[in-house]
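Residue-level structural notes
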Amino acid sequence: MNFSSWSIRNPVPAVLLFVLLTILGIIGWRGLPIQDFPDMDLPAVVVSASLEGAAPAQLETEVARKIEDKLASLSNVDHIVTSITDGSVSITISFALEKNGEEALNEVRNAVDSARADLPTSMNAPTVSKVTTTGSPIVTYTVASDKYDEQELSWLVDNDLTKQLLAVKGVGKVSRIGGVDREVHVDLDPALMAGLGVTAAQVSSQLKLTQQDASGGRGDIGGAQQSLRTLGAVGTVAEIAALNIPLSDGRHLRLDQIAKVSDNIAERGSLAYLDGKQVIAFQITRNKGTSQVSVARLVKEAVDTFSASHPQVQIKEAFNTVDSINDNYLGSMHLLLEGALLAVVVVWWFLRDWRATIVSATALPLSIIPTFAAMYFLGFSLNVLSLLSLALVVGILVDDAIVEIENIVRHIRMGKSPYEAAMEAADEIGLAVIATTFTLVAVFLPTAFMGGIPGLFFRQFGITAAVAVLASLIVARLLTPMMAAYFLRPHPPLERQSALMTHYLGWVRACMKHRFATVAAAVLFLLLSLTMIPLLPTGFVPPPDDSQSRVSIELAPGSTLEETRQVAEQARQLLMSMPDVKQVFTLVGASTSGGGFNASVSSDVRKATLTLTLTPRSERSRKQSEIEAEMRTVMKALPGARVNVGRGGSGEKLELTLASDDGNALLATAADVERDLRTLKGVGNITSSAALQRPEVQFKPDYARASALGITANALADTMRVATSGDFASSLSKLNLPQRQIAVRVRLDPAARADLDTLSQLRVKGNNGYVALAALADIQLGSGPSQINRLDRERNITLSVELSGRTLGDVMKEVRQLPSMKTLPPGVHEVQQGELQRMTELFGSFASAMAIGIFCIYAVLVLLFHDFLQPATILAALPLSVGGALFALLVTHSSFSMPSVIGLLMLMGVVTKNSILLVEYAVMARREHGMSRFEALMDACHKRAQPILMTTIAMAAGMMPIALGLGADPSFRQPMAIVVIGGLLTSTVLSLLVVPVMFTYVDDLLNALRKLFARKATAN
């Protein structure tokens, strides 16, 4: 059935269809979330275990290894990554993408439960969780007040503000930074304790048993039933101080006689500063699947509402990651409109008919708007990739309409009425339009099913582009011919062809006369193109330029929070001296690593993170990478600190991971590799995750004496732990208040922790009374690892190299040539993970997607042309586009990365489309008009050169703003546009000359085969 003819005869159904699709598209667009990149529901589960005060080496043996051994038997496990710090074990189990998330969670939970019996009895049960929030916070606010003190303001944030914000749709977590937690301190006097023969552990346990509410039992008084409760809990700090504590030997003590009891604050774990001024801050992390922009807007509304009801509190936004996403969205929409406008201008320039231009221009909104409806129903979002797919297909979307309208206008100029011209031209061009569209779909759809992390990136890109192209086909077959039939006016016949067309046809004739030379030149061009591949830098994703950066600082183990604060303040002052740094938010006591969906936050008093807001990109001349290079130079003045510059996102850092079961061999090898890495040119800071040694006070028991007195190593450890830092959090006594419980921490006066002699005189209860620690153990100063990292049940060390503007692939090539990397000792091996692993996956998946795409194109062409050989003519144009694409990347110093891969895929479709227009007309002219091969090819070149040129220029013009880096951050989009424009220019020029020649060779082969089979048939 000829749908175009039916639509021309019955215009109302087509108009109603597009009205309906437009309404659905607008509804879908309003409901689409705005994001940076698509959410990645990676099947990963986190196991967290804690044993307060335990050293990393102890936790590795007693906890981590035992849980890892149970997890190793699970199916489809990709990596098991373990991080062990003081008192804490975190194990992240990542699975293959096909693994169901809930199934993975249940399997991990069962495995951890089976290991529970082998874990230390004093440890709380490990928690198993599936992460539902995104990695990095989207917005950070600061809170200040003249009415509330720091403690009251901290509680206001923790209770009132957090409660209100968690009710906001899409908010997954609210984290307070800085501020303090209220705590009751019972600071024991060491001298009195020693004189009375009482230990801190005894006081702590007896206080918890004394000061508590308990229930149980039943009364039947007065003929009614009552529940029995013991109300032993007190309500004030003064009442706690006045408590009498019974001891095990029958004595009792009033608490304030042996200790100083105070309503105090817990030991600070973090500090926050905004431009050097101390503040209390909170960060918002969104749930997966929600829009960063929408969540940030709703949070702002909730914060404004809270501020209105609490006028004594001032809440100010410190920084966010949403503005750059919103700018990118708005920039993409502007570029979409600019590209569409330029494409329409090109149509008018060629046809010089405003009516025909309007008909062509109608195809753009009517192809894009229905695509929004499909995106909404498929659960997609408006992100860099989906918007980019629309921006890149702008030229393609108008292509079908251009081909249709150009053919109709050509028929009108032959003296036909618009109605008659529309009927005949639409029927003539129909097969070519359908073929070109389905070849584009054949290119885009396979990318949606690529494997690994790149596949998650490409899914939304491929399907969005395919839907938009199919929508453009519907417009071109139903709407464009119908509008042309009723809207266009008769044209005077075209008197003569243009000078350019005359020259072009002369070039085609010359190529047809010198067929071998033409093909040889094309092959030579292809070979020269391939020689450019080794010259191109490679990477995964280009680093962003979004006017926000980060400096991470790490001090030596044993450093205090105050020392970290001083170094962080010194770093801030150095950074603020740079003209492009506008604001610095400092977080002391925590470290943020990674970026985007890989971001993670870890608490450590010797670490600090400075988040820098830079001058907007439009107001500065330097790239962000150049500013960050200056930061590294400035940070060299910072003594005794490891410094990392950059947010650790894609394209910013190379991570080289070494693993081994032999910890000593691993340390030695990592040190050798780190030394060699420092010889690389043009890179930034190089840091190692090899644990620095933390200072320790070590007690080594005299087993003979301790056993004679009935004292165990566990009793020694409990005595030291409770006396110096208090009991486990779950074992602490609590002060009950109306809205919360406050921990009551019993310990020695903190000043006692600074005196080794005082610690050595701590008392432990034995069979015959109390004995000093010094009499039971050898006390010495020592050291141990501050952190242990494990990967797939082996210790691992990750060496991080800041790329400083260089590409990942180039730096990795140099790393492979380092002497230490060429001679890794037995038992030590490299493990690919992170961005390096993704880059390898990308190029592997790209090769598969490219091969599948070419096969799909061939299959579609065979079905449409009913010929197995002529589609080879069309595919011959594909290699001709590679040279221009690679040359454009080389000239602009762009890397071959994910955006470039997307550009090449786009190029495949466009180049194939141009070739189809030529070949399809030549085949039709021979079959239906009885022309000779030469005449058919010359007529095809004459009739189809203009629409090919129009579509090429329209697409190149549509992408020119992106290639020029206009609008929002162009780092991701620009390489893609450069590839497409470069490839289009060369492939269009070459295919217009080479494809006709290739057609003759394929036709000669076809004729030779026919003669061969005919002779065989005659002989038989």
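Residues numbered from 1 in each chain as written. Predicted model: local features only at pLDDT ≥ 70, side-chain atom pairs only at ≥ 80, totals over all residues. Heavy atoms only, no water.

1. Things to note about the overall build of the protein
Short version of the rule: Put simply, DSSP H or I for four residues or longer makes a helix, DSSP E for two residues or longer makes a strand, and each gets a number counted from the N terminus. Any two residues having at least one pair of non-hydrogen atoms within 4.5 Å are treated as being in contact. Exposure was quantified through the Shrake-Rupley algorithm and a 1.4 Å probe, taking into account, for residues, occlusion by the shown protein chains and nothing else. His is not counted, nor are the chain ends; Lys and Arg add positive charge and Asp and Glu add negative charge. The atom standing in for a charge is NZ when the residue is Lys, CZ when it is Arg, CG when it is Asp and CD when it is Glu.
Within the protein one finds 33 helices and 30 strands. For the protein, the C-alpha atoms occupy an extent of roughly 120 × 70 × 65 Å along the three principal directions. Expressed as a percentage of contacts within the protein between residues at least 6 apart in sequence, the contacts between residues at least 24 apart total 81%. Working note: accessible area of the protein is about 43,300 Å², and carbon and sulfur atoms make up 58% of it. Averaging the coordinates of the 88 positive side-chain charges in the protein and doing the same for the 93 negative ones gives two points 5 Å apart.

2. Remarks on the packing of aromatic side chains
Applicable threshold: Aromatic pairing here means that ring centres of Phe, Tyr or Trp (its six-membered ring) are within 6.5 Å. Orientation follows from the plane angle: under 30 degrees is stacked, over 60 is edge-to-face, and everything else is tilted. Between buried and exposed lies partly exposed: a residue is buried under 20% and exposed over 50% of the maximum accessible area for its type, with that area taken using a 1.4 Å probe on protein chains only.
For the coordinates displayed, the defined rule picks out five aromatic pairs. Their ring planes at 50° and their centres at 5.5 Å tell us that Phe319 and Phe585 sit as a pair that is tilted. Of this pair, Phe319 sits in strand β15 (residues 313-320) while Phe585 is found in strand β17 (residues 581-593), placing the two residues 266 residues apart along the sequence. There is no split in this pair, since Phe319 and Phe585 are both buried. Between the aromatic rings of Tyr376 and Phe377, the centroid separation amounts to 5.7 Å while the plane-to-plane angle is 70°, which identifies the pairing as edge-to-face. For Phe377, a relative accessible area of 63% gives the class exposed.

3. Re the sheet that holds strand β12 (residues 259-265)
Defined as follows: Whether two strands pair comes down to DSSP finding at least two bridges between them. Angles run from 0 to 180 degrees between N-to-C directions of axes, and those axes are lines fitted to C-alpha atoms, restricted for helices to the stretch in contact.
If you walk across this open sheet you meet the four strands as β12-β7-β24-β23, and the pairing is mixed. In this open sheet, the two edge strands, each paired with only one partner strand, are β12 and β23 (733-736). Going across the sheet, the axis of each strand differs from the next one's by a mean of 25°, ignoring polarity. Two strands pair when backbone bridges link them, and strand β7 (residues 182-188) and β12 are joined in this way by seven bridges, in the antiparallel orientation. Looking at β12, one finds that His185 is bridged to Ser262. Together, β7, β23 and β24 (741-748) form the strand contacts of helix α7 (residues 200-210), whose direction differs from that of β24 by roughly 155°.

4. Regarding the pattern of salt bridges
To keep things clear, this is the line we draw: Every case where a carboxyl oxygen of Asp or Glu lies within 4 Å of a side-chain nitrogen of Lys or Arg is listed as a salt bridge.
Following the criterion strictly, the structure yields 33 salt bridges and no others. As a salt-bridge pair, Arg622 and Glu630 come within 2.6 Å of each other at their nearest N and O atoms. On the basis of relative accessible area, Glu630 is assigned to the partly exposed category, the value being 26%. In this structure, Lys943 engages Asp939 in a salt bridge whose closest nitrogen and oxygen atoms are separated by 3.1 Å. Taken together, the positions of Lys943 and Asp939, both in helix α32 (residues 933-963) and four residues apart, correspond to about one turn of that helix. The class of Asp939 is buried, set by a relative accessible area of 14%. Through salt bridges that share partners, Glu60, Arg65, Glu68, Arg790 and Arg795 make up one connected network.

5. Points about the UniProt feature "domain: SSD" (unreviewed entry) in the protein
So the rule is basically this: UniProt positions are given in the numbering used here, feature names are shortened, and annotations may be inferred rather than shown by experiment.
UniProt's feature table lists "domain: SSD" (unreviewed entry) at residues 844-880, given in the numbering used throughout. From the first C-alpha to the last, residues 844-880 spans 22 Å; its make-up is 84% helix and 0% strand.

6. Description of unusual backbone geometry
A positive phi angle, near 55°, is found at Asp275, a position not held by glycine. Tracing the chain through its elements places Asp275 in the loop between β13 (271-274) and β14 (277-286).

7. Observations regarding the nonpolar core
As a reminder of what qualifies: Buried residues of nine kinds, namely Ala, Val, Leu, Ile, Met, Phe, Trp, Tyr and Cys, make up a nonpolar core once their side-chain atoms join them within 4.5 Å.
Ranked by internal contacts, the top residues of the largest apolar core, which has 144 residues, are Phe282 and Phe444. Examining the composition of this core, we find that 19 residues originate from one element, helix α31 (residues 898-929), more than from any other. Within the second largest apolar cluster, 41 residues are counted, among which are Val184, Leu188, Leu243 and Leu255.

8. Overview of the state of the cysteines
Formally: Count a disulfide wherever a pair of cysteine sulfur atoms falls within 2.5 Å.
Scanning the model with the defined rule gives zero disulfides in all. The thiol of Cys511 is unpaired, and the distance to the nearest cysteine sulfur, on Cys941, comes to 9.5 Å. Taking relative accessible area as the criterion, Cys511 reaches 14% and is therefore assigned buried. By relative accessible area, Cys941 is classed as buried at 1%.

9. Considering the environment of Lys681
Position of Lys681 relative to the elements: it lies in the loop between α22 (663-677) and β21 (686-688). Here Lys681 falls in the exposed class, since its relative accessible area comes to 67%. Note: C-alpha distance between Lys681 and Val811 (130 residues apart in sequence) is 9.2 Å.

10. What about the pairing of strand β5 (residues 139-145)?
With six of seven residues buried, β5 is to be regarded as a mostly interior element. Examined bridge by bridge, β5 and β14 share five bridges and lie antiparallel to one another. From the neighbouring strand, Thr140 faces β14, where its bridge partner is Gln283. Across seven bridges, the pairing between β5 and β15 is antiparallel. Following the sheet pairing, Ala144 is matched in β15 by Gln314.

11. A few points about the environment of Ala484
By the element assignment, Ala484 lies in helix α17 (residues 452-487). Its relative accessible area of 0% is what places Ala484 among the buried residues. For the pair Ala484 and Ala421, spaced 63 residues apart in the sequence, the C-alpha separation amounts to 8.8 Å.

12. Section: the packing of helix α30 (residues 878-891) against α31
Just so we agree on the cut-off: Crossing handedness: left-handed means the near helix sits turned counterclockwise from the far one by under a right angle, and right-handed means the same turn made clockwise. Gly is put with the polar residues, along with every residue not named as nonpolar or charged; the nonpolar set is Ala, Val, Leu, Ile, Met, Phe, Trp, Tyr, Cys and Pro, and the charged set is Asp, Glu, Lys and Arg.
For the pair α30 and α31, interaxial distance at closest approach is 10 Å and the crossing angle is 145°. The crossing of α30 and α31 is right-handed. Facing α30, whose interface residues are Leu878, Ser881, Ala885 and Leu889, α31 presents Ser900, Leu904, Leu907, Met908, Val911 and Thr912. Taken together, the residues of the contact of α30 with α31 break down into seven nonpolar, three polar and no charged.

13. Quick notes on the packing of helix α11 (residues 322-351) against α32
Selection rule: Note on angle classes: values under 35 degrees are labelled roughly parallel, values over 145 roughly antiparallel, values of 65 to 115 roughly perpendicular, and the remainder oblique.
Running from N to C, α11 and α32 point in directions that differ by 150°, and their axes come no closer than 8 Å. For the element pair α11 / α32, the angle class is roughly antiparallel. Where α11 crosses over α32, the handedness of that crossing is right-handed. Here Leu335, Glu338, Gly339, Leu342, Ala343, Val346, Val347, Phe350 and Leu351 of α11 lie close against α32, whose contacting residues are Gln946, Leu949, Met950, Ile953, Ala954, Ala957, Gly958, Pro961 and Ile962. Class assignment of the residues belonging to the contact of α11 with α32 gives a composition of 14 nonpolar, three polar and one charged.

14. Notes on helix α19 (residues 515-530)
Which entries qualify depends on this criterion: Here the expected span of a helix is defined as 1.5 Å times the quantity of residues minus one. Note: the arc covers the axis-to-C-beta directions of the helix.
The first and last C-alpha atoms of α19 sit 23 Å apart over 16 residues, in line with the 22 Å expected at 1.5 Å per residue. For α19, the set of buried residues is Thr518, Val519, Ala522 and Ser529. What you see down the axis of α19 is that its buried residues fit within an arc of 95°, all on one side. Tucked inside the fold, the buried residues of α19 contact α18 (499-513), α30 and α33 (974-1019).

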